[in-house]
Amino acid sequence: MIRIPQIKLQPEHSSEDLTRAICKELKIKETELKSFHIIKRSIDARKKPDIKYSYTIDAEVEKEHLILKKCKNSQIVKSTPVSYQIPPCGEEALKNRPVIVGMGPAGLFCGLLLAKCGYRPLILERGEDVDARQETVERFWKGNPLNLSSNVQFGEGGAGTFSDGKLNTMVKDPKGRGRYVLETFVDAGADSSILYLNKPHIGTDVLRSVVKNMRTEIQRLGGEVRFKSQMTDLQIRDGKLESICINDSEILKTEIVVLATGHSARDTFTMLSRKPLAMSPKSFAVGLRIEHPQSMINESQYARTELKTLPAADYKLTKKLDNGRGVYSFCMCPGGYVVNASSENNMTAVNGMSYQKRDGKNANSAIVVTITPEDYGATDPLSGARFQQSLEQKAYQLCNGKVPVQLFEDFVKHRSSSGLGDFAPAIKGAYDFGNLRECLPKFLGDSIEQGILGFDHMIRGFARKDAILSGIESRTSSPLRITRDDFFESTIGGLYPCGEGAGYAGGITSAAMDGLKVAEAIIKKFHSF
């Protein structure tokens, strides 16, 4: 295979146009091109409004060595794709099958790999299956009471199920885990474009069926999945895991537990803090969601009002402030919705999501500031979670459980809004007007204001008076890290911290990759059944 970078074409191009462009780059006839694969497609918007798609292609050709020799002064090179390799099984015998606690991306991929290798894992998920969970969440958004075990944070698929299914990651991937994750999603029903898009996403609506198909495959391979099953305690003997308690009633013997609870399992973290388990507080980010008309973002990013074959425009913004802090956009959702993502009584948290088509009227993203243990006065591993809870309690009290919203002009003037501007919020769940400044420490509110004003120089209209803020965005990542060694084991033998909740990932793909790493560690040590 030959790798060809930076083939640029108009967004409206045909497949024949791409074929011709490949042959032109390689200086060959179309009959000499056996096949090709798109490795990456991104958008080049540097010369607006002349937007181009930029492709990286792997091509199979006749007389490859001659073509490489002919193109030796270009960027065209021999392609050496990395294929993910599952390690061989270890020698140590297991008395009981491994248990995975949590069915987000980390738990799902850990369970799937263990099932493929014959370990018959048991996955425990405190929430409901994805179909029942969807109905429960929809009822909550319509005003029904919060289900503490099954909500936007908890349930089959984890928090990512209600966050657009964004799959881009900055994690280095020399062993091909990231590609394996994407291929697994495609096998489970995701669109094959995620294999090459620069910023791939599945869409909240499609992700539900993908997650369900992965669960079915785990079960087909001998694994078991139990919903409404929360690990409420664990028993240790001589420093090693002996058994766990489920729902405060059932004792299950096991010497292997993968802890993949997600970043919002505060009750589980509290239980673990009473055990001989090394944990430490860590930095995370806190802020507010901001909404703009998607048409405004399209115009800024593309200098076009008609998208035709272009996707809804996105953005990624960062700024270093005069106070030394950094502020940045997070989890940007083109054509998306702000959602009430609460998971505890008397607390309000928000997140963002999009459907696969990303055809909603508004764009939203979180505008967040990094919070360090020094900022929240950490005295123990749970200090960060308590800080998050204090902010969420204030947001809840501000609008009696409804999502508090505020126009940016009023945020700057420290006053509650009394009405909307030229567009309405796209929010899943009830909302009301409030002064979001009352939910935030002064340094955090001031940093968000300065960041938005700075971003206005990057995207015209970003700081418009009627930009809609909502809050509070407190669940960007885990507030703590559970220590693990080079073999992915914690200070309790047999307990394997995994994924975002344990502090080792930040997003669907990185969490899934961490799930694979932990599964590999178990495979290398133990023999399958």
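Just so it is clear, the model here is predicted, and its values are computed rather than measured.

### Some details on the UniProt feature "domain: FAD-dependent protein C-terminal" (unreviewed entry) in the chain
Part 1 of the reasoning: Residues annotated in UniProt with the feature "domain: FAD-dependent protein C-terminal" (unreviewed entry) correspond here to residues 283-476.
Part 2 of the reasoning: Across residues 283-476, helical content stands at 23% and strand content at 28%; the span's end C-alpha atoms are separated by 10 Å.

### Observations concerning empty space enclosed by the protein
Part 1 of the reasoning: Summed over the entire model, instances satisfying the criterion amount to 1 cavity of 30 Å³ or more.
Part 2 of the reasoning: A volume near 70 Å³ is recorded for the largest cavity.
Part 3 of the reasoning: Taken together, Pro105, Leu108, Phe109, Gly157, Gly160, Thr161, Phe185, Leu207, Val211 and Ile508 make up the lining of the largest cavity.
Part 4 of the reasoning: Broken down by element, the lining of the largest cavity gets its largest block of residues, 3 residues, from helix H3 (residues 105-116).
Part 5 of the reasoning: The residue inventory of the lining of the largest cavity, partitioned by class, reads 7 nonpolar, 3 polar and no charged.

### As for the domain arrangement of the chain
Part 1 of the reasoning: By domain assignment, the chain separates into domain 1 (1-76), domain 2 (95-278 + 481-525) and domain 3 (282-471).
Part 2 of the reasoning: Between the C-alpha centres of domain 2 and domain 3 the distance comes to 27 Å.
Part 3 of the reasoning: On the domain 3 side, the residues contacting the 27 residues of domain 2 number 28 residues.
Part 4 of the reasoning: Both faces considered, domain 2 and domain 3 share a buried interface measuring about 2,300 Å² in area, 54% of it formed by carbon and sulfur atoms.
Part 5 of the reasoning: Its largest share of buried area at the contact with domain 3, domain 2 owes to Trp141, Lys166 and Arg266, together 29% of the area lost on that side.
Part 6 of the reasoning: Counting every contact that joins domain 2 to domain 3 gives 3 salt bridges.
Part 7 of the reasoning: Ionic pairing is found between Glu392 and Arg266, a salt bridge with its closest N-O pair at 2.8 Å.
Part 8 of the reasoning: Mapped by element, the contributors of at least two residues to the side of domain 2 that touches domain 3 are helix H4 (130-141), helix H6 (204-220) and helix H7 (266-272).
Part 9 of the reasoning: Its residues assigned to classes, the side of domain 2 that touches domain 3 shows 10 nonpolar, 10 polar and 7 charged.

### Some remarks on the pattern of salt bridges
Part 1 of the reasoning: Following the criterion strictly, the structure yields 32 salt bridges and no others.
Part 2 of the reasoning: Ionic pairing is found between Glu250 and Arg226, a salt bridge with its closest N-O pair at 2.6 Å. Highlighted residues: Glu250 in strand S10 (residues 250-253) and Arg226 in strand S7 (residues 224-226), separated in sequence by 24 residues.
Part 3 of the reasoning: A relative accessible area of 30% places Glu250 in the partly exposed class.
Part 4 of the reasoning: Several salt bridges converge on common partners, so that one network encompasses Arg266, Glu344, Glu392 and Arg475.

### Topic: the nonpolar core
Part 1 of the reasoning: One finds Ile4, Ile7, Ile22, Leu26, Ile448, Ile452 and Phe462 to be the most contacted residues of the largest nonpolar core, which totals 59 residues.
Part 2 of the reasoning: A domain-level breakdown of this core finds at least three residues from each of domain 1 (1-76) and domain 3 (282-471).
Part 3 of the reasoning: Every residue in contact with Ile22, bar those within four places of it in the chain, is listed here: Ile4, Ile7, Leu33, Phe36, Ile57 and Ala59.
Part 4 of the reasoning: Counting 51 residues, the second-largest nonpolar core is a separate cluster that includes Phe109, Phe185, Ile256 and Phe526.

### Comments concerning the layout of surface pockets
Part 1 of the reasoning: One number sums up the size of the second largest pocket: a volume of about 1,000 Å³.
Part 2 of the reasoning: In this structure, the second largest pocket is lined by 34 residues; those nearest its centre are Ile39, Asp173, Arg179, Leu182 and Leu195.
Part 3 of the reasoning: Those elements giving two or more residues to the lining of the second largest pocket turn out to be strand S2 (33-44), strand S3 (52-61), helix H5 (177-187) and helix H12 (508-525).
Part 4 of the reasoning: With 5 residues, H5 is the single largest residue contributor to the lining of the second largest pocket.
Part 5 of the reasoning: Grouping the constituent residues of the lining of the second largest pocket by class yields 16 nonpolar, 12 polar and 6 charged.

### Thoughts on H12
Since one α-helical turn is 3.6 residues long, residues separated by three or four positions face the same way.
Part 1 of the reasoning: The terminal C-alpha atoms of H12, which comprises 18 residues, lie 26 Å apart, in line with the 26 Å expected from a rise of 1.5 Å per residue.
Part 2 of the reasoning: With 15 of 18 residues buried, H12 is to be regarded as a mostly interior element.

### Overview of the pairing of strand S17 (residues 350-353)
Part 1 of the reasoning: Of the two faces of S17, the one carrying Val350 and Gly352 and the one carrying Asn351 and Met353 are both buried.
Part 2 of the reasoning: Taken together, the 4 bridges between strand S16 (residues 337-340) and S17 define a ladder with antiparallel strand orientation. Each bridged residue has a counterpart across the sheet, and for Val338 the counterpart in S17 is Gly352.

### Some words on the sheet that holds strand S1 (residues 2-9)
Part 1 of the reasoning: The strand order across the open sheet built from 4 strands is S2-S3-S1-S4, with neighbouring strands paired in antiparallel fashion. Among the strands making up the open sheet, the edge pair consists of S2 and strand S4 (77-78).
Part 2 of the reasoning: Running over the sheet, helix H1 (residues 15-26) touches S1, S2 and S3 and is turned about 125 degrees from S1.

Definitions and cut-offs
- Residues numbered from 1 in each chain as written.
- Predicted model: local features only at pLDDT ≥ 70, side-chain atom pairs only at ≥ 80, totals over all residues.
- Heavy atoms only, no water.
- UniProt positions renumbered as here; feature names shortened; annotations may be inferred.
- Helix = DSSP H or I, 4+ residues; strand = E, 2+ residues; numbered from the N terminus.
- 1 Å grid on protein atoms, 1.4 Å probe; cavity = no way out; pocket = protein on both sides within 12 Å on 5 of 7 lines; lining within 4 Å.
- Points joined across faces, edges and corners; volume = space filled by probe spheres on them.
- Nonpolar A, V, L, I, M, F, W, Y, C, P; charged D, E, K, R; others polar.
- Domains from an automatic or database assignment.
- Contact = heavy atoms within 4.5 Å.
- Buried area = accessible area lost by both parts, 1.4 Å probe.
- Salt bridge = Lys/Arg side-chain N within 4 Å of Asp/Glu carboxyl O.
- Buried < 20%, exposed > 50% of the residue type's maximum accessible area, 1.4 Å probe, protein only.
- Core = buried A, V, L, I, M, F, W, Y, C linked by side-chain atoms within 4.5 Å.
- Expected span 1.5 Å × (residues − 1).
- Pairing = 2+ DSSP bridges.
- Axes fitted to C-alpha atoms, helices over the stretch in contact; angles between N-to-C directions.

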